[in-house]
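What follows is each chain in one-letter form.
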Protein chains: 2
Amino acid sequence: MATYACRSREEIRTEFKKQIARYEELKHENLNLDMSRGKPSKLQLDAVSDILTILTNADECLLDGNDTRNYGDLSGLPCAREYWADVLGCKPEETFVGGNSSLALMHDVIARAYTHGLKDSPRPWCKEERIKFLCPSPGYDRHFRITESFGFELITVPMTPDGPDMDIVEELVQDPDVKGIWCVPKFSNPQGYSYSSETVHRFARLKPEAPDFVIMWDNAYCVHEFDGTFEPFEDIISLCAEAGRSNMAYEFASTSKITFPGAGISVMASSKENIDYMTKLISIQCISYDKLNQLRHVRYLKDKEHTLEIMRRHAQIMAPKFEMCLKILRREVTDKGIAHWHHPKGGYFICVAAMPCTAKRTLELCQQAGVKLTEAGATYPYGVDPHDSMIRIAPSYPPIEELEKAMNVFCTCLKLAALEKYMGKTLEQVIGE
Amino acid sequence: MATYACRSREEIRTEFKKQIARYEELKHENLNLDMSRGKPSKLQLDAVSDILTILTNADECLLDGNDTRNYGDLSGLPCAREYWADVLGCKPEETFVGGNSSLALMHDVIARAYTHGLKDSPRPWCKEERIKFLCPSPGYDRHFRITESFGFELITVPMTPDGPDMDIVEELVQDPDVKGIWCVPKFSNPQGYSYSSETVHRFARLKPEAPDFVIMWDNAYCVHEFDGTFEPFEDIISLCAEAGRSNMAYEFASTSKITFPGAGISVMASSKENIDYMTKLISIQCISYDKLNQLRHVRYLKDKEHTLEIMRRHAQIMAPKFEMCLKILRREVTDKGIAHWHHPKGGYFICVAAMPCTAKRTLELCQQAGVKLTEAGATYPYGVDPHDSMIRIAPSYPPIEELEKAMNVFCTCLKLAALEKYMGKTLEQVIGE
């Protein structure tokens, strides 16, 4: 079949009626399905629940004469710092192992920049007249919301399959008000792009005007392949040091999608100077993080190699779900010319670029049929997608049977929203005719 | 024997030489003892390590159809909020259950007041010209350091056995720059005083000029009796509401000294309006706290009644240590008239008020004999005790045999520092004679 754009008005009307009939059918199923957030499924959590028995008596809590049950080791258990250094490819002294939330570590870096300033800040950011922050988009809504919450001006930077458009980034950082950028370098949220080696190196070689410009390098999906073998990534910390700006990057990761989302451990990595600086500020906030949980994780995950083995358990559950989504998208949408998407090999999302001005409407129709997706616009600063086009699908949480239903609903709604544009009439108007 | 003050110069010299000899003896033991921080001992941690086996399989993590291993319930598991409401005497919706650190919850309330303002703030505190904060002293160094870190002016308020001097507090809060006060209402750190009912009610009835004045009510030792039965305390949240200023108090507590210091759970309690306001701000920072650990704690501690039972295990270990310290203090120091102290029935400290101008010197002498105590001055704003008198002893961590040695060193040093004052000569000068 030809794309919608090439069809006659009569053919469009026929197709519209067909899709309406299909939509009515799906609505009658009274679905209640959620593809809105990147949550692991119960099966995935069950697959790693043997971590619950890894630490069950007092003796196991002692480590090199240290009692992990007691206060101490604010920057993390030495073995936990070694673990993360192994995973991220940096040095243990360049890591700070935190609690269950890497988002909290990111938030607190920005909060401290605001209240106290970063290592190389001339003054706390709250004393600056204006702060601008770069947001490669589509991106992660929670990143953008942190910098929005502190009143920074968010500047959209276009994403490419190789990462943020570096020509634009290099130009924007000439502005001294531009203080940082959010990055998800591997399996980016939501498109699933991994930054090219050139992009990573251009980041490390950035020469921003602001001396305290910060690269917020959220390596959330660093070992999260579900299709194919592990794709190595470069160590941004040492690359920045080599380029002469060692304090420019803060990297983040967690086990939220390796073990348990609410009960994992997190890490912040940066130059030793930055880690020392931050540790001093964090010592005002906290005596120590949950070292028992750090120990539990190190004993369970062991090292990068073994972590990758555990990630294959997740991949076995995730891969069929992504395949199912992509298969239905291909079958239902490809030949219509109304959307395109990247086929990710890891991460948690598929990002569908719908026909401009149809994303919100698609989601509205989905909602009416009992299928919840991430709010349209959420992947852009201030929640506004200028083209009303990007839709984030999170296939991980629902069981595969439900996912299939949800994707059928989604594709039907995507088509309906496009058909409304081509017809210049709403669904309701056509039904009323 | 008469107090030092009543002795003749010759008697003082004789006593000095006797104490010097004792000190030299003790120094030869090459001790390395730590009474500096309120850390539970290994015995205490062992006594509650059965919590490690309370949650060992996947099914146990499911709760009313909710999977505690996954994201969600930012303000805490409902059962954890009920648990804390039971312990603190407030309502579940007035609680927010956090991670392992109540200090972090306190820090973040102050940080958010600074960056965003509290519920009733006319503007964020970083936009105020000056912020003053009341610090009942001696008090907890980590409290004072938080408010110091944000550049507030710390104002010392004298402590009495009934709590902070409320006449002074009531006067100081007339100043609109005075934005809050730190409190440890039960078994105060370091003196072990519990606020009288009158003090608590005067706090609730405070009418500060600043509309966003905040009472930071750190109920750290709310169930921490080691001597005698549980002493009930009043609910500051409802008292403030009754007095017409429901948003004035934030209460804090944790299981750091009930289960494990690094791996417990914490709570913040306040008006529902405050909790809703804070939860919204916290949702920018964190997706959810470690609910597995919350569940682990609720299953283990059950309720207030059972928690008090578990606290009796701690009491059995703590009581003999405090008795030992107080016995040695009585035996060595009482009749010398050079120090006084309160006999606490709970909490983690004994606070010795030494002869003015001798605290630092006492600790210096202790250090030279291998005994570490909390830094002199630490219990005052900016780390400066105006009388150089207060010394905090933390008897919980060392085994009792070590504690006995450490207390003998401490008492000897306390006497030496006083004798130096009475002689007008240092230890070294007398040895050199």
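To start, this report covers the structure provided alongside it. The structure presented is a predicted model; accordingly, all values stated were derived computationally and were not measured.

Digging into the interface of chain B and chain A
Now for step 1: With 56 residues of chain B in contact, the opposing surface of chain A contributes 56 residues.
Now for step 2: Taking both sides of the interface into account, the surface hidden between chain B and chain A amounts to around 4,600 Å²; carbon and sulfur atoms contribute 56%.
Now for step 3: Summed over the three residues of chain B that lose the most area to chain A, namely Arg69(B), Tyr71(B) and Ile284(B), the buried surface amounts to 16% of that side.
Now for step 4: One can count 2 salt bridges joining chain B with chain A.
Now for step 5: Asp46(B) serves as the salt-bridge partner of Arg69(A), at 2.8 Å between the closest nitrogen and oxygen.
Now for step 6: The tally of links between chain B and chain A comes to 18 residue pairs in polar contact (both at pLDDT 80 or more).
Now for step 7: For the side of chain B that touches chain A, the secondary structure elements donating two or more residues are helix H2 (42–47), helix H4 (102–115), helix H5 (141–149), helix H9 (272–285) and helix H10 (291–301) of chain B.
Now for step 8: With 7 residues, the top contributor of residues to the side of chain B that touches chain A is H4(B).
Now for step 9: Residue composition of the side of chain B that touches chain A, grouped by class: 24 nonpolar, 18 polar and 14 charged.

Topic: the packing of aromatic side chains
Now for step 1: Tallied over the full model, the rule gives 30 aromatic pairs over all chains.
Now for step 2: For the ring pair Tyr195(B) and Trp217(B), a centre distance of 5.6 Å and an interplane angle of 90 degrees mean the geometry is edge-to-face. In this pair, Tyr195(B) sits in the loop between strand S8 (178–183) and helix H7 (197–204) while Trp217(B) sits in strand S9 (residues 214–218), placing the two residues 22 residues apart along the sequence. For the pair Tyr195(B) and Trp217(B), one class covers both residues: buried.
Now for step 3: Taken together, Tyr114(A), Trp125(A), Phe133(A), Phe150(A), Phe152(A) and Trp182(A) form an aromatic cluster joined through their ring pairs.
Now for step 4: Stacked on the ring of Tyr348(A), the Lys or Arg Lys257(A) has its end atom at 5.3 Å from the ring centre.

Observations regarding the relation of the copies chain B and chain A
Related by rotation about an axis and a shift along that axis, the two copies of the chain form a pair.
Now for step 1: Note on the identical chains: chain B maps onto chain A by a rotation of 180 degrees and an axial translation of 0.0 Å, with an RMSD of 0.0 Å. Such a combination of rotation and displacement between the chain copies is what one expects of a two-fold axis.
Now for step 2: Interface overlap between copies is the fraction of interface residues in one copy that are interface residues in the other; for chain B against chain A it reaches 100%, indicating a shared surface.

Focus on the packing of H4(B) against H5(B)
All names here are of chain B.
Now for step 1: Interaxial distance between H4 and H5 falls to 10 Å at its minimum, and their mutual angle equals 25 degrees. Considering the angle they form, H4 stands roughly parallel to H5. Seen along the crossing, H4 lies across H5 with a hand that is right-handed. Here H4 contributes Leu-103, Met-106, His-107 and Ile-110 to the contact with H5, which in turn contributes Arg-142, His-143, Ile-146 and Thr-147.
Now for step 2: For the contact of H4 with H5, the per-class residue count stands at 4 nonpolar, 3 polar and 1 charged.

The rules behind the values
- Residues numbered from 1 in each chain as written.
- Chains lettered and ligands numbered in written order.
- Predicted model: local features only at pLDDT ≥ 70, side-chain atom pairs only at ≥ 80, totals over all residues.
- Heavy atoms only, no water.
- Contact = heavy atoms within 4.5 Å.
- Buried area = accessible area lost by both parts, 1.4 Å probe.
- Salt bridge = Lys/Arg side-chain N within 4 Å of Asp/Glu carboxyl O.
- Polar contact = N/O pair within 3.5 Å; in protein donor to acceptor, adjacent residues only side chain to side chain.
- Helix = DSSP H or I, 4+ residues; strand = E, 2+ residues; numbered from the N terminus.
- Nonpolar A, V, L, I, M, F, W, Y, C, P; charged D, E, K, R; others polar.
- Phe/Tyr/Trp six-rings, centres within 6.5 Å; stacked < 30°, edge-to-face > 60°.
- Buried < 20%, exposed > 50% of the residue type's maximum accessible area, 1.4 Å probe, protein only.
- Lys NZ or Arg CZ within 6 Å of the ring centre and 35° of its normal.
- Least-squares fit on C-alpha atoms with pLDDT ≥ 70 in both.
- Axes fitted to C-alpha atoms, helices over the stretch in contact; angles between N-to-C directions.
- Parallel < 35°, antiparallel > 145°, perpendicular 65-115°, else oblique.
- Left-handed = near helix turned anticlockwise from the far one by under 90°.

Without other data, these values stay purely geometric and don't point to any function.
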